[in-house]
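What follows is each chain in one-letter form.
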Amino acid sequence: QVQLVESGGGLVQAGGSLRLSCATSGRTFSSYAMGWFRQAPGKEREFVAAISGSGGSTDYIDSVKGRFTISRDNAKNTVYLQMNSLKPEDTAVYYCAGRIRPGVTRTGYGHWGQGTQVTVSS
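Think of each chain on its own: its residues are numbered from 1, step by step along the sequence as written. Local features in a predicted model are, by the rule used here, given only for residues with pLDDT of at least 70; side-chain atom pairs are given and counted only at 80 or more, and totals for whole chains, interfaces and linings are based on all residues. Only hydrogens and water are set aside; all other atoms, that is, all heavy atoms of the structure, feed into the side-chain values.

Peer 1: Help me understand the sheet that holds strand β8 (residues 78-83) in this model?
Peer 2: Strand pairing in a sheet relies on backbone hydrogen bonds. The paired strands run either parallel or antiparallel. Pairing between strands requires that DSSP locate at least two bridges from one strand to the other. By definition, any uninterrupted DSSP run of H or I lasting at least four residues is a helix, any uninterrupted run of E lasting at least two residues is a strand, and each is numbered from the N terminus. With antiparallel pairing, 4 strands are arranged side by side in an open sheet as β1-β3-β8-β7. Here the strands that pair on one side only, and so sit at the sheet edges, are β1 (4-7) and β7 (68-73). Strand-to-strand twist in this sheet, taken as the mean axis angle between neighbours without regard to direction, amounts to 15°. Bridge analysis of strand β3 (residues 18-24) against β8 gives 6 bridges, and the strand direction is antiparallel. By the bridge assignment, L18 is partnered in β8 with M83. To obtain each axis, a line is fitted to C-alpha atoms, and for helices this fit is confined to the stretch in contact; angles are then taken between N-to-C directions over 0 to 180 degrees.

Peer 1: Would you take a moment to explain the pairing of strand β5 (residues 46-51) for this structure?
Peer 2: Walk down a regular strand and you will see the side chains alternate between the two sheet faces. β5 sits mainly inside the fold: 5 of its 6 residues count as buried. As paired elements, strand β4 (residues 33-39) and β5 share 5 bridges and run antiparallel to each other. Across the sheet, residue F37 finds its bridge partner in β5, namely F47. In this structure, the hairpin formed by β4 and β5 is closed by a connection of 6 residues, where G42 is found at a positive phi of approximately 80°. Hairpin connection between β5 and strand β6 (residues 58-60): a loop of 6 residues separates the two successive antiparallel strands, and G55 in this loop has a positive phi of roughly 90°. Working definition: with a 1.4 Å probe on protein chains only, accessible area under 20% of the residue-type maximum means buried, over 50% means exposed, and in between means partly exposed.

Peer 1: Please explain the state of the cysteines as it appears in this structure.
Peer 2: Covalent bonding between the sulfur atoms of two cysteines is what defines a disulfide. Here, a disulfide means two cysteine sulfur atoms that sit within 2.5 Å of each other. In this structure the tally under the stated criterion is 1 disulfide. A sulfur-sulfur distance of 2.1 Å marks the disulfide that ties C22 to C96. Across the S-S bond linking C22 and C96, the dihedral sits near -80°, which makes this disulfide left-handed. In this pair, C22 is assigned in strand β3 and C96 in strand β9 (residues 92-99), connecting sequence segments 74 residues apart. The exposure class assigned to C96 is buried, which follows from its relative accessible area of 0%.

Peer 1: Sorry, what's going on with the layout of surface pockets here?
Peer 2: Over the atoms a probe the size of a water molecule is rolled, and this reveals where empty space is left. Counted as a void, the largest pocket has a volume near 150 Å³. Forming the boundary of the largest pocket are R38, A40, K43, E44, E46, S63, R67, K87, E89, D90, T91 and A92. Grouping the amino acids of the lining of the largest pocket by side-chain chemistry returns 2 nonpolar, 2 polar and 8 charged. Buriedness for pockets is judged along seven lines, at least five of which must meet protein on both sides within 12 Å for an open set on the 1 Å grid over protein atoms alone, while cavities are sets there where a 1.4 Å probe fits but cannot get out, and lining residues have an atom within 4 Å of a point. Grid points are joined across faces, edges and corners, and a volume is the space filled by probe spheres set on the points. Nonpolar residues are Ala, Val, Leu, Ile, Met, Phe, Trp, Tyr, Cys and Pro. Charged residues are Asp, Glu, Lys and Arg, and all others, Gly as well, are polar.

Peer 1: I tried to follow the nonpolar core on my own but got confused; where do I start?
Peer 2: Throughout this description, the term nonpolar core refers to a set of buried Ala, Val, Leu, Ile, Met, Phe, Trp, Tyr and Cys residues connected via side-chain atoms within 4.5 Å. Counting 34 residues, the largest nonpolar core has M34, W36, V79, L81, M83 and Y94 as the members making the most contacts within it. For this core, the secondary-structure elements that each account for two or more residues are β3, β4, β5, β7, β8, β9 and β11 (116-121). Of all the elements, β5 adds the most residues to this core, at 5 residues. A contact between two residues is defined here by any heavy atoms of the two lying within 4.5 Å. Those residues within four positions of V79 in sequence are excluded, and the remaining contacts are L20, S21, C22, F29, M34, W36, I51, I70, S71, R72 and C96.

Peer 1: Where do I start with the pattern of salt bridges in this structure?
Peer 2: Two side chains with opposite charge may pair up if their charged atoms get near one another. What makes a salt bridge here is a side-chain nitrogen of Lys or Arg within 4 Å of a carboxyl oxygen of Asp or Glu, nothing more. For the structure on display, the rule yields 5 salt bridges. Close ionic contact of R38 with E46 constitutes a salt bridge, the shortest N to O distance being 2.7 Å. Given a relative accessible area of 6%, R38 falls into the buried group. Taking the shortest distance from any N to any O, the salt bridge between D62 and K65 comes out at 3.1 Å.

This is how it looks when you write it as structure tokens:
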């Protein structure tokens, strides 16, 4: 069973930066596509970014392109989300997710972390 543990959330002013980390268990991390999702109060969870198992392919929703960067270190079994130029509308609980197939994807994730709160003040 793959376990995912997020960290790095917090309170930041608009325009600031945060880096989220997601540490995973398991010995086949590079076989997993990894993604970041978020859920704001009163809203449905939405896809934010994804990265293929090798790290060679990435995907982002339009609202974060140019501001967020997803990356992974397969030697450390960890995926990251660097968030720059944060906006109040980025406020949400951010979840890390993993899917056994390595191709970059927005759907089909079966493994989830517990989430980490990101709050951006105006």
